Amino acid sequence: MTLSPDKFIGSQLKIQLKDKRDLYGVLTVIDPFGNLLVSNVKESRDEDVREIGLVSVPKDAIDKIFIDSRYYNSLK
Amino acid sequence: MEGFIDITSEIFDSVNQIANNKVVQSPLFDLLEGARAIEVSNKKLDTGLIELTEEELNFNCYGKVNIKQCIGILNKLLRSLMSWLDHSSIPVTLLSCRYVQEVVEQYLKTSKMTEFGDDGFSRILSSAVNGVVKFIGIMITVGNTVLYEEEDITTRALDMNFLNEILIDEVIENLERSIKITNDLVSADDSHKLILTHQLKLILSIVQSPILFNLQIELFQGNPYEFFNIILENAIDTVKYLNKINFEEFEKEVPVGCFSKYCQKKLNNHNIPGELYMISQESTMKNLEDIFQQLKSILIKSTSLKNIACLENWLDYDVQLQINKYHVITRGFLQLYLIRDDQSILGSPTFKLSHLSLELMNNCTLANTVYSSRNWNININDCKKLDEDYNKILNDLDIIAYQLIIIKCNNRCRQRQLINKNLILLDSLQVNCENFEISNYNQFKINDKLSDTEELSLPLTSFVYFKKLQLMIDFLLLGIELELYNLVEIYSIYWYSNYLLKHLLNHFSTRIITFNNNKLVRLNNKRKKLKNASQKIQIDMKRQQLIDVIKHNQQQLAHYQLLYRLTDNVTKILRNHHIEGRANFSEVPKDFLINFEKMFRLRFKPFESIGVPKSLTFDEYLISLKEPVSLDAVIKDLESIKQDYKFEGVENQNQLEWMRSLVKSSLMYLLHLNSDQELRSLTEGYNPYFPNFK
């Protein structure tokens, strides 16, 4: 059964972008089109990691979204 | 991806459950905050997508540089510094320099200044960059302490530390050593050495400039602080020298990739991408010269103040009214220079905030009164209680004195906001002072007579009321300078200002001046009866103090009389326009969403809670609009203003210019009276409070 979107709010996510960057942050808002607003984001590319704060991630830019498996299990 | 599971499709499927197109959000999150979010994958908003060239990516700060490159880099660095403080931010100016970025990044790792190499030019470059970085750190601290972020100064420091813990002496030593190294260079062209030496000296002067707010000025003693004056004069000469140099050929030598958007892409960055910003060479040199000239002027004027009246005039005419003409560096330094953490004024070991507030009161109403001498002449227990109560009042007055200084040092826009905040404070203090003084009279007959009548002088209340009226008038007229009002409101602003000025003049002439003159007469009479020479000397000192106070009173009176006459005539001119249909001050234009009465009440809301003078109502406003106007009387009065004000004895140049601009405004309105066209707009006049009507 699919979880409701509010279950994911507040989760620490790893978002792989299509341009090969990874974003780590807390899911704060999700809209009906799958666009995300993520806070406290760290952007990682190759070896470089930096903080970029509050980020809006359009669905089209997303390749994959990951979540910590233990945390995921606690959501169910 | 150990420990992580892919939930891509699950998240995207889950949104199908969202009804009514609503967003699902954290209860802790304010959606308005979302407006600040950076959108990834959008070139205009995502610094991660900034494209850098190979040279920019691989720029090496530790490569050797020659003298021409060194000069070029330092020139661009100075331009970047002035560009940052020209309403820009650090990432698009100073941090765009890879040497600056390297220094701050290395500092986070090592807590030391960075050396770009062992050879002469690398050491010279290192000391200069470290010097500039140290100054950035100082300005960020100044900004956090006394300026407004995104208004006076925009930092966006990308989480970097600009050598905050490095002692300034260490930076200065390095720069001085570099100047010596440059002079001793044998391999370089003499003309290039001279330019580089001047650049280093300029950076040294910039780093030394915060000395200003560490100087300890003995007020009214005429200590000129020659050593700092010499630093500033040398700095001005250095800027003048550098201003003659054509730096284009040197900037062409700057290594490719030295200035770029690299920091925006690589460092912690919560901002959107910004184009690099650099003001012209001419503006850079002009701004630098202005800063040193302004600091010099502040130093010279503040150290040559003769008495409290000069200090008041300097604060009013050189600080408060001129503040927007000062560079942001000067503005920041000025506030830190004026009042220090230990509440000393100009760092004086003997003149603290409490002395300032007492002197301000002495210079208005308090001199030679029972409250200035504190000679209560009552029994010990009552005396103790009275002292306690009086100290409480004085503490409140210290707060007011502090606020008055802070108001003057802020930009003109903030001045108005701070005035608004302090009006209530002054109003309640006025009530407290009045209760205190009346109760002292009722209980202990403590009082100085206002004049020959039995009326109480109430010197404390009188001072606070005067300051309150001053601020109320400033509050209204400052709005004209800041172009806050709609054309339809202009009449109401002058009409209300005129009402307040009438109260102020009345208070001034019937109380303050009457009281001070009466005190002088009493002293003169007392002196006549004395035979002892030393007692006569004491009386003479008090007389001189009162004579100085009365002279200051007269100057203030002249200023407010002039403002009164101008606001009176402007009110009548505008009313005449209204009556003759060339303007409408009773209705807002049709496209306004608010009606005029609401707009009026909103505009004068800050005065609604003020007890005295009573606030004017909208009905009174409408009645005033119908009062007939005699233009002949207006013309006659405007014509006579020039003859009536000669400003003899006014020593402060900015005060003189301010007063003259008011007189010129009267002539400007005379010319305006010849025009019978519709009132369309306000344009710049001679005085910011009195624009021209077009």
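Residues numbered from 1 in each chain as written. Chains lettered and ligands numbered in written order. Predicted model: local features only at pLDDT ≥ 70, side-chain atom pairs only at ≥ 80, totals over all residues. Heavy atoms only, no water.

In the nomenclature of an unreviewed UniProt entry, chain B is known as N-alpha-acetyltransferase 35, NatC auxiliary subunit of [Candida] jaroonii.

As annotated in an unreviewed UniProt entry, chain A carries the name N-alpha-acetyltransferase 38, NatC auxiliary subunit and comes from [Candida] jaroonii.

## Comments concerning the packing of helix H3 (residues 67-84) of chain B against helix H11 (residues 281-303) of chain B
Residue and element names in this part refer to chain B. Note the cut-off: Axes here mean lines fitted to C-alpha atoms, for a helix over just the part in contact, with angles spanning 0 to 180 degrees between N-to-C directions. Think of it this way: any DSSP run of H or I at least four residues long counts as a helix, any run of E at least two long counts as a strand, and we number them from the N terminus. Note on angle classes: values under 35 degrees are labelled roughly parallel, values over 145 roughly antiparallel, values of 65 to 115 roughly perpendicular, and the remainder oblique. Put simply, a crossing is left-handed when the front helix is turned counterclockwise from the back one by less than a right angle, and right-handed when it is turned clockwise. In this analysis, two residues are considered to be in contact whenever any of their non-hydrogen atoms come within 4.5 Å of each other. Residues are grouped as follows: Ala, Val, Leu, Ile, Met, Phe, Trp, Tyr, Cys and Pro are nonpolar; Asp, Glu, Lys and Arg are charged; all remaining types, including Gly, are polar.
Packing of H3 against H11 leaves a shortest axis separation of 9 Å and a crossing angle of 65 degrees. Judged by the inter-axis angle, H3 sits roughly perpendicular to H11. The hand of the H3/H11 crossing is left-handed. Two secondary-structure elements touch here, H3 through Asn75, Leu78, Arg79 and Met82 and H11 through Gln281, Thr284, Met285, Asn287, Leu288 and Ile291. Of the residues assigned to the contact of H3 with H11, the class counts are five nonpolar, four polar and one charged.

## Observations concerning the packing of aromatic side chains
Condition: Geometry of aromatic contacts follows a simple scheme: Phe, Tyr and Trp rings, the Trp one being its six-membered ring, pair when their centres are within 6.5 Å, and the pair is stacked under 30 degrees between planes, edge-to-face over 60, tilted otherwise. Per-residue accessibility, obtained with a 1.4 Å probe over protein chains only, is compared with the maximum for each type, and a residue is labelled buried under 20%, exposed over 50%, and partly exposed between these values. We call a charge positioned over a ring when the NZ of a Lys or the CZ of an Arg lies within 6 Å of the ring centre and within 35 degrees of the ring normal.
Taken as a whole and assessed by the stated rule, the structure comprises 35 aromatic pairs over all chains. For the pair Phe618 of chain B and Tyr621 of chain B, a centre-to-centre distance of 5.8 Å together with 25 degrees between the ring planes defines the contact as stacked. On the criterion of helical spacing, the pair formed by Phe618 of chain B and Tyr621 of chain B is a turn pair, its members being three residues apart in helix H23 (residues 618-625). Since its relative accessible area comes to 10%, Phe618 of chain B is described here as buried. Residue Tyr621 of chain B is classed as buried on the basis of its relative accessible area of 0%. Members of the aromatic cluster, each reached through a chain of ring pairs, are Phe475, Tyr491, Trp495, Tyr496, Tyr499, Phe585, Phe596, Phe600, Phe604, Phe607, Phe618 and Tyr621 of chain B. The residue whose ring lies beneath Lys59 of chain A is Phe12 of chain B, and the NZ or CZ to ring-centre distance is 4.8 Å.

## Things to note about the interface of chain B and chain A
Test applied: What counts as buried area is the accessible surface, traced by a 1.4 Å probe, that two parts surrender upon association, with contributions from both included. Salt bridge, as applied in this entry: a Lys or Arg side-chain nitrogen positioned within 4 Å of an Asp or Glu carboxyl oxygen.
The interface is formed by 42 residues belonging to chain B together with 48 residues belonging to chain A. Together, the buried faces of chain B and chain A total about 3,800 Å²; carbon and sulfur atoms form 64% of this surface. Scanning the region where chain B abuts chain A turns up three salt bridges. The partner of Asp6 of chain B in a salt bridge is Lys64 of chain A, with the nearest N and O atoms 3.6 Å apart.

## Topic: the pattern of salt bridges
Summed over all chains, the structure comprises 41 salt bridges over all chains. Among the ionic pairs, Lys14 of chain A bridges to Asp22 of chain A, the shortest N-O distance being 3.9 Å. The class of Lys14 of chain A is buried, set by a relative accessible area of 7%. The partner of Arg603 of chain B in a salt bridge is Glu489 of chain B, and the shortest N-O contact between them spans 2.7 Å. Of this pair, Arg603 of chain B sits in helix H21 (residues 596-603) while Glu489 of chain B is found in the loop between helix H18 (459-481) and helix H19 (490-529), placing the two residues 114 residues apart along the sequence.

## Notes on the environment of Leu487 of chain B
All names here are of chain B. For Leu487, the location among the structural elements is in the loop between H18 and H19. Judged by its relative accessible area of 22%, Leu487 is partly exposed. Excluding anything up to four places from it in sequence, Leu487 contacts Phe585, Leu679, Arg680, Ser681 and Leu682.

## What about the pairing of strand E4 (residues 682-687) of chain B?
All names here are of chain B. Note the cut-off: Strand pairing follows a simple DSSP-based rule, namely that at least 2 bridges must link the two strands.
One ladder, built from three bridges, connects E4 with strand E5 (residues 690-693); its direction is antiparallel. What sits directly across from Leu682, in E5, is Phe693. Hairpin connection, E4 to E5: the antiparallel pair is bridged by two residues.

## Describing the nonpolar core
Let me state the cut-off plainly: The criterion is simple. A nonpolar core is a set of buried Ala, Val, Leu, Ile, Met, Phe, Trp, Tyr and Cys residues joined through side-chain atoms within 4.5 Å.
In this structure, Trp84, Tyr99, Met139, Phe162, Leu460, Tyr494 and Tyr669 of chain B are the most contacted members of the largest nonpolar core, which totals 214 residues. Setting aside residues up to four positions removed in sequence, Tyr99 of chain B forms contacts with Phe59, Cys61, Val65, Ile73, Phe116, Leu125, Val129 and Cys258 of chain B. Counting residues in hydrophobic clusters, the runner-up holds 28 residues, among them Phe8 and Tyr72 of chain A together with Phe12 and Val15 of chain B.

## Looking at the domain arrangement of chain B
All names here are of chain B. So the rule is basically this: Each domain span listed reflects an automatic or database assignment of domains. Distance and chemistry together define a polar contact, namely a pair of N or O atoms within 3.5 Å, with one atom able to donate a hydrogen and the other to accept it when in protein, and with adjacent residues in sequence counting only for side-chain atoms on both sides.
Domain boundaries assigned for chain B yield domain 1 (48-302), domain 2 (352-472) and domain 3 (485-694). Facing the four residues of domain 1 at the interface are four residues of domain 2. Carbon and sulfur atoms supply 30% of the area buried between domain 1 and domain 2, which totals about 350 Å² over both sides. Linking domain 1 with domain 2 are one salt bridge, by the criterion used here. Taking the shortest distance from any N to any O, the salt bridge between Arg414 and Glu151 comes out at 2.7 Å. Where domain 1 meets domain 2, there are three residue pairs in polar contact (both at pLDDT 80 or more). The residue inventory of the side of domain 1 that touches domain 2, partitioned by class, reads two nonpolar, no polar and two charged.

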